Amino acid sequence: MTAVAASWLPLSTGERSVAIEVLVHGPLSRTDLARRLNLSAGSLTRLTKPLIESGLLVEITDPGPGAEARQGRPSQPLDVVADSRSFVGLKITGDRVYGVVTNLRSDIVTRLDRPLTSHDPGEVVDVLAGMTADLAAEHRGLAGIGIGVGGLVRNRAVVKESAFLSWRDVPLAALLEEATGLPVVLDNDVAALVEAETWFGAGRGLDRFVVLTIGAGIGYGLVLGGRRVPCAEEDRGFGRHWIINPNGPLTPEGERGSAVSLLTIPSIRYQVRAAAGRDYSYEEILALAAAGDPMPARVVDEAARALGTLVAQIANFAMPQKILLAGEGVGLMDVAGRTVEETLRAHRHPLAAPVDLETKVSDFHDWARGAAVLAIQVLVLGGTGE
C-alpha cells in the first residue's frame, strides 16, 4: 500500500480555500465561488487552474435537469471528483475497532469491524493494519488513514494519554504508517466527529455550532466562525467537573451530581444496579423506564433533567445556532425527550429563541467516518483542520 495523495500537495492558502469551499458546498458556479471568497474572476481562474489540472476539481459540463438556465456563455460549475480518492477511517474502542472507507465527500462506501482482545500498542497496530489491508484489497488507491481515539492526542500523531487503553505517549500514527505505508492522521474521537459534522453534516454552513455526545463518557465540541475551537485539554474529563446537581448521585469514583454521574451509560447502569441488585443493559433500562418501572424510570427521568439542564447551559453561554446531540446514549431522547425539552425551556429566558437541538442516531462507524474526515482535511487539502 502506498500513498497517492501527495500529487495534490502542497496547496497554497488560496487554493486550499477554493478547494474546501467546493468540497463542502459544491458544486458551485465560478460566480458563486468568487462571491463566497471575495475574489476577482482573474484570481479565481488562477487558483482553480492547478486544482483542475491535478484532478481535485472538475468542470461540470452538464449540470443536469433543473439547473438554472443562463443567458450568454454557459456557466460550468466546479465540483470535486468525489470518487477519485478513498480514505480509511478507524475508531478504536475498548473492545473493538470500527473501520470505514469513504470517498472525498466522506460518504461511507464500506464498513468493517474487528474485535480488540488486547490493548498492547503493537497488537492494536496489528489489528489496524490488518483491517487496512482488507479494505485496501477492495479499494485500490487509498489516500490515507484517519484514526479517532478517546484520549489526549498531541500533534495529530501521538496518543499522549488514553485512560481506557492505559496508554501514555504512544506514537500511534508513526507505528501504523510503518505497518501500512500509508500516511496517518490521529486525533481525539470527539474532535474528529465535530470536524465531520462541521464540514459535511449538521453544522455545515453554520457560524456557531456545538456537538454534545453522551455514551461511555461526555464529549463536547464548539465551532465558532465555522471552525472547531481546539483545546489543549481535549478529553481531560471536563464532564466530571461540570456539576449539574450538587445533590445528585455518586459514581463509583465518587463524583456527585456531575454530567458524568448523571448522564453516562456506565453511571446510569451503576445507579440501577445499586438499587435493583442486578445488572441491566442500557437498552433494558430504557425499555423498563418506558414501560413505567418505577426505579429505572426515576433514574432515566433524572438523566433527562440533567441533559435538559446541560443543553440549556450550553445554549445560554455559547449561543450556538444548533446543538447536535450524538453518541450511543441518545436513546434517552426516545424515552424521555419531552422531559429534556421541558427542562431545557425552564432554564432559558422566557423570550429566548428555541434551541435548535438535533439528535443523531449513530453507531461507531459514524465515529470512524469522522476519523476519515481528518485524513481528507490534512492529507488531501494540506490543512490542519483546526
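Scroll up to find the structure.
Engineer: What should I look at first to understand the overall build of the protein in this one?
Structural biologist: Along its length, the protein carries 12 helices and 15 strands. Relative to its full complement of 386 residues, the protein shows a buried share of 50%. Sequence separation of at least 24 residues holds for 64% of the intrachain contacts in the protein that already meet a minimum separation of 6.

Engineer: Looking at this structure, I do not really get the sheet that holds strand S9 (residues 167-170). What am I missing?
Structural biologist: Backbone-to-backbone hydrogen bonds join strands into a sheet, with any given pair of strands oriented parallel or antiparallel. Sheet architecture is open: 3 strands sit in the order S7-S8-S9, paired in antiparallel fashion. The open sheet is flanked by strand S7 (152-154) and S9, the only strands paired with a single partner. Across the sheet, the mean angle separating the axes of adjacent strands is 20° when strand polarity is ignored. Alignment of S7 against strand S8 (residues 158-162), held across 3 bridges, turns out to be antiparallel. Each residue of the ladder has a partner; that of valine 153, found in S8, is valine 159.

Engineer: Before we go on, may I ask you to explain unusual backbone geometry in this structure?
Structural biologist: Excluding glycine, a negative phi dihedral is what most residues carry, and trans is how most peptide bonds are arranged. With an omega dihedral of 0°, the bond running from glycine 26 to proline 27 counts as a cis peptide bond. Structurally, the position occupied by proline 27 is in the loop between helix H1 (13-25) and helix H2 (30-37). In this structure, arginine 156 takes a positive phi of about 50° despite not being glycine. Residue position: arginine 156 is located in the loop between S7 and S8. Of note, methionine 319 is a non-glycine position whose phi angle comes to about 50°, a positive value. Relative to the assigned elements, methionine 319 resides in the loop between helix H10 (294-318) and strand S14 (322-326).

Engineer: Just to check I follow, could you spell out the pattern of salt bridges for this structure?
Structural biologist: It is possible for side chains of opposite charge to pair when their charged atoms get near one another. This structure, assessed with the given rule, holds 21 salt bridges. Note that aspartate 189 is salt-bridged to lysine 91, the shortest N-O span being 2.4 Å. Highlighted residues: aspartate 189 in helix H6 (residues 189-200) and lysine 91 in strand S3 (residues 86-92), separated in sequence by 98 residues. A relative accessible area of 5% means that lysine 91 is categorised as buried. Residue lysine 322 pairs with glutamate 358 through a salt bridge whose shortest N-O separation is 3.0 Å. One end of the pair, lysine 322, is in strand S14; the other, glutamate 358, is in strand S15 (residues 357-359), with 36 residues separating them in the sequence. Looking at lysine 322, the relative accessible area reads 14%, which means it is buried.

Engineer: Looking at this model, I keep getting lost on the nonpolar core. Mind explaining?
Structural biologist: Membership of the largest hydrophobic core comes to 39 residues, with the highest contact counts inside it found for Leu212, Leu263, Leu307 and Leu332. For this core, the elements supplying multiple residues, two or more each, are strand S11 (208-214), strand S12 (218-224), helix H7 (259-263), helix H8 (265-276), helix H9 (282-290), H10, S14 and helix H11 (331-346). At 13 residues, H10 tops the list of elements feeding residues into this core. Among all residues touching leucine 332, those that are not within four sequence positions of it are Leu263, Tyr282, Leu286, Val300, Ala303, Ala304, Leu307 and Gly337. Ranked by size, the runner-up nonpolar core spans 33 residues in total, among them Leu11, Leu44, Val80 and Ala82.

Engineer: What's the story with the packing of aromatic side chains in this structure? I'm lost.
Structural biologist: The geometry of two aromatic rings is summed up by the distance between their centres and the angle between their planes. Counted by the stated rule, this structure contains 3 aromatic pairs. A ring pair is formed by tryptophan 199 and phenylalanine 200, whose centres lie 6.0 Å apart and whose planes are at 65°; its orientation type is edge-to-face. For the pair tryptophan 199 and phenylalanine 200, a shared accessibility class is recorded, and that class is buried. When the ring centre of tryptophan 367 is taken as reference, the NZ or CZ atom of lysine 91 above it lies at 5.0 Å. Directly above the aromatic system of tyrosine 280 lies the positively charged group of arginine 278, at a separation of 4.0 Å from the ring centroid.

Engineer: What is the right way to read the sheet that holds strand S6 (residues 142-149) from this model?
Structural biologist: Strand order across the open sheet formed by 5 strands is S5-S4-S3-S6-S10, with mixed pairing between neighbours. The outermost strands of the open sheet, each flanked by one partner alone, are strand S5 (108-115) and strand S10 (184-188). Shown here is a sheet whose adjacent strand axes are inclined to one another by a mean of 20°, direction ignored. Contacts from helix H4 (residues 121-138) reach S3, strand S4 (96-102), S5 and S6 within the one sheet, and its direction differs from that of S5 by about 145°. Running over the sheet, helix H5 (residues 172-180) touches S3, S6 and S10 and is turned about 150° from S10.

Engineer: I'm lost on the packing of H9 against H10 in this one. Help?
Structural biologist: Relative placement of two packed helices is described by the angle separating their axes and the distance separating the axes. Running from N to C, H9 and H10 point in directions that differ by 105°, and their axes come no closer than 7 Å. The orientation of H9 with respect to H10, classified from their angle, is roughly perpendicular. For the pair formed by H9 and H10, the contact residues are Ile285, Leu286, Leu288 and Ala289 on the first element and Pro296, Ala297 and Val300 on the second. Tallied by class, the residues present in the contact of H9 with H10 amount to 7 nonpolar, no polar and no charged.

Engineer: I tried to follow the environment of aspartate 32 on my own but got confused; where do I start?
Structural biologist: Relative to the assigned elements, aspartate 32 resides in helix H2. Accessibility expressed as a relative area gives 27% for aspartate 32, which makes it partly exposed.

Scoring rules and cut-offs
Residues numbered from 1 in each chain as written. Predicted model: local features only at pLDDT ≥ 70, side-chain atom pairs only at ≥ 80, totals over all residues. Heavy atoms only, no water. Helix = DSSP H or I, 4+ residues; strand = E, 2+ residues; numbered from the N terminus. Buried < 20%, exposed > 50% of the residue type's maximum accessible area, 1.4 Å probe, protein only. Contact = heavy atoms within 4.5 Å. Pairing = 2+ DSSP bridges. Axes fitted to C-alpha atoms, helices over the stretch in contact; angles between N-to-C directions. Salt bridge = Lys/Arg side-chain N within 4 Å of Asp/Glu carboxyl O. Core = buried A, V, L, I, M, F, W, Y, C linked by side-chain atoms within 4.5 Å. Phe/Tyr/Trp six-rings, centres within 6.5 Å; stacked < 30°, edge-to-face > 60°. Lys NZ or Arg CZ within 6 Å of the ring centre and 35° of its normal. Parallel < 35°, antiparallel > 145°, perpendicular 65-115°, else oblique. Nonpolar A, V, L, I, M, F, W, Y, C, P; charged D, E, K, R; others polar.

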